[in-house]
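# A structural walkthrough
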Amino acid sequence: MMYHEKTEALYEGLAHKSGQYQLPRPPASRPPVNHRIVRAKALPGQPLSLFDKVRDFTTADQLRELGIYPYFRTISSAQDTEVIIDHKKVLMLGSNSYLGLTNHPKIKEAARAAVEKYGTGCAGSRFLNGTLDIHLELEAALAKLVNKEAVLLYSTGFQVNLGVISALVGKGEYVLGDKSNHASIVEGCLLSPGKFLRFSHKDMAALEKRLQSLEPEAGKLIVVDGVFSMEGDIIPLPELCRIAAKYGSAVMVDDAHAIGVLGKGGAGTSNHFGLTEQVQLIMGTFSKSLASLGGFIASDAQTVDYLKHHSRALIFSASMSPANAAAVLAALKIMSEEPERIAQLWRNTARMKQGLLGLGFDLGDSETPILPVYCRDLMIAFNLCKRLQEEGVFINPVVSPAVAPGHELIRVSLMATHTDQQIDFALDKLGQIGKELGLL
């Protein structure tokens, strides 16, 4: 996910089009928030300057008034190929459940059994009273999957990147990142005491130029997404590893969108390229292919032990719940025993990609089940999202700061459990509404 500067890009995009769309003033009575009507009113007492930005934020209200606000849509069913929104069945093409396991009966049963045995939570951090035997079992299973000596679990994927990068990159050292890296990577880089340098998306010449300017003896870490979550393309890992070795830099790959998608048995990007030995740190999450919540870092045993004693995001956070850990273990077992799921995911991807390209959509450089349909216009992206839901298809719009202004898109993501009929239905609706909005 491209993480551009923290600007009011969304607001600016709307303001730029205000002449065309005649954005209304925010209503005095705001729409429901968590099923309560929130009425605009002054904060009690003397106004505090800290909250000026709160009072001035009207973008969401403007989008709601236009009827195109696309966020926080309420789903009242399991995350499956179809979901229920506003009592209507909608085809889900906005989920990261690549293997379609979030509603699998074996995984739900594993979670229930874990609650019966361990209760609902750990009531403490891994550092103190929050390490369970099921955590160790899961760490061993993940280490085997990605072929590393050791693994350390975190409560969320975001915390992995915060905790690992900030703990490893010290003062006088450098962390280098692709400009399209996920926001969690960026925040981890900003949190570290070292210097954060960025290079243009997948531009290995730009990366090498950055490294050439650094002191040879300084510690260096290159952090990249394996699969970029918005663009759907893959990092050129062979060239990156060659450059890293040349300049004495460690490599960390975020495989949030590659575990269960790339590599033998879904082992991820490093396995896909046969470069596991040259990638010192492999990060993954459980909220995509593995049907749960949490994340992990895999490395050599000495590095993992260091992180156990220096990663503040681990030490000062409650540990992963037993049910979440059990769900991941069950998902790993299914992924291993049913390799046809990954094969079907790629067949579904090919069918959807060929269909979208045949209709005339611009998919950029996508190489994975993440298919960005470029609109390159903020209001078209929002209106396309709205009209698709009206026609029975759930898709997410992606705008700045997730992508650069002028690169707005809707993100189509496939699941192994989508049927040919569902894909063809979606293509029909995308073609119809794409023409309606002048995108085709």
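Check the entry above for the structure.
Cut-offs used in this document
- Residues numbered from 1 in each chain as written.
- Predicted model: local features only at pLDDT ≥ 70, side-chain atom pairs only at ≥ 80, totals over all residues.
- Heavy atoms only, no water.
- Axes fitted to C-alpha atoms, helices over the stretch in contact; angles between N-to-C directions.
- Helix = DSSP H or I, 4+ residues; strand = E, 2+ residues; numbered from the N terminus.
- Left-handed = near helix turned anticlockwise from the far one by under 90°.
- Contact = heavy atoms within 4.5 Å.
- Nonpolar A, V, L, I, M, F, W, Y, C, P; charged D, E, K, R; others polar.
- Expected span 1.5 Å × (residues − 1).
- Buried < 20%, exposed > 50% of the residue type's maximum accessible area, 1.4 Å probe, protein only.
- Polar contact = N/O pair within 3.5 Å; in protein donor to acceptor, adjacent residues only side chain to side chain.
- Patch = residues over 30% accessible without salt bridge, like charges linked within 9 Å, V, L, I, M, F, W, Y side chains within 5 Å.
- Areas by Shrake-Rupley, 256 points an atom, 1.4 Å probe, with all protein chains shown as cover.
- Salt bridge = Lys/Arg side-chain N within 4 Å of Asp/Glu carboxyl O.

### Details of the packing of helix α6 (residues 133-146) against helix α14 (residues 322-337)
Two numbers describe how α6 lies on α14: the axes approach to 10 Å, and their chain directions differ by 30°. In terms of crossing hand, the pair formed by α6 and α14 is left-handed. Where α6 abuts α14, its residues Ile134, His135, Glu137, Leu138, Ala141, Leu142 and Leu145 lie against Pro322, Ala325, Ala326, Val328, Leu329, Leu332 and Met335. Across the contact of α6 with α14, the residue classes tally to 12 nonpolar, 1 polar and 1 charged.

### Here's the deal with helix α16 (residues 378-390)
With 13 residues, α16 ought to run about 18 Å at 1.5 Å a step, and its terminal C-alpha atoms sit 19 Å apart, in line with that. Within the sequence span of α16, burial applies to Leu378, Met379, Ile380, Ala381, Phe382, Leu384, Cys385, Arg387 and Leu388. Where α16 begins, the capping side chain belongs to Asp377, and its oxygen is found 3.0 Å from the backbone nitrogen of Met379. Positive phi shows up at Gly392, right after α16, with a value of about 100°.

### Observations concerning a nonpolar patch on the surface
Side chains of Leu48, Leu50, Phe51 and Val54 sit close together on the surface and give an oily, nonpolar patch of about 370 Å² of accessible area. Mapped onto the fold, Leu48 is located in the loop between β2 (36-39) and α3 (52-56).

### Focus: the pattern of salt bridges
A complete count under the given rule lists 19 salt bridges for this structure. Lys202 serves as the salt-bridge partner of Asp233, at 3.6 Å between the closest nitrogen and oxygen. Note that Asp233 is positioned in the loop between β8 (220-225) and α10 (237-246) and Lys202 in the loop between β7 (195-199) and α9 (204-212), a separation of 31 residues in sequence. On the accessibility criterion, Asp233 (2% relative accessible area) is buried. Across the salt bridge formed by Lys202 and Glu367, the nearest N and O atoms sit 3.7 Å from each other. With Lys202 in the loop between β7 and α9 and Glu367 in the loop between α15 (340-359) and β12 (370-374), the pair connects residues that are 165 residues apart, well separated along the chain. Note on Lys202: relative accessible area 25%, which makes it partly exposed.

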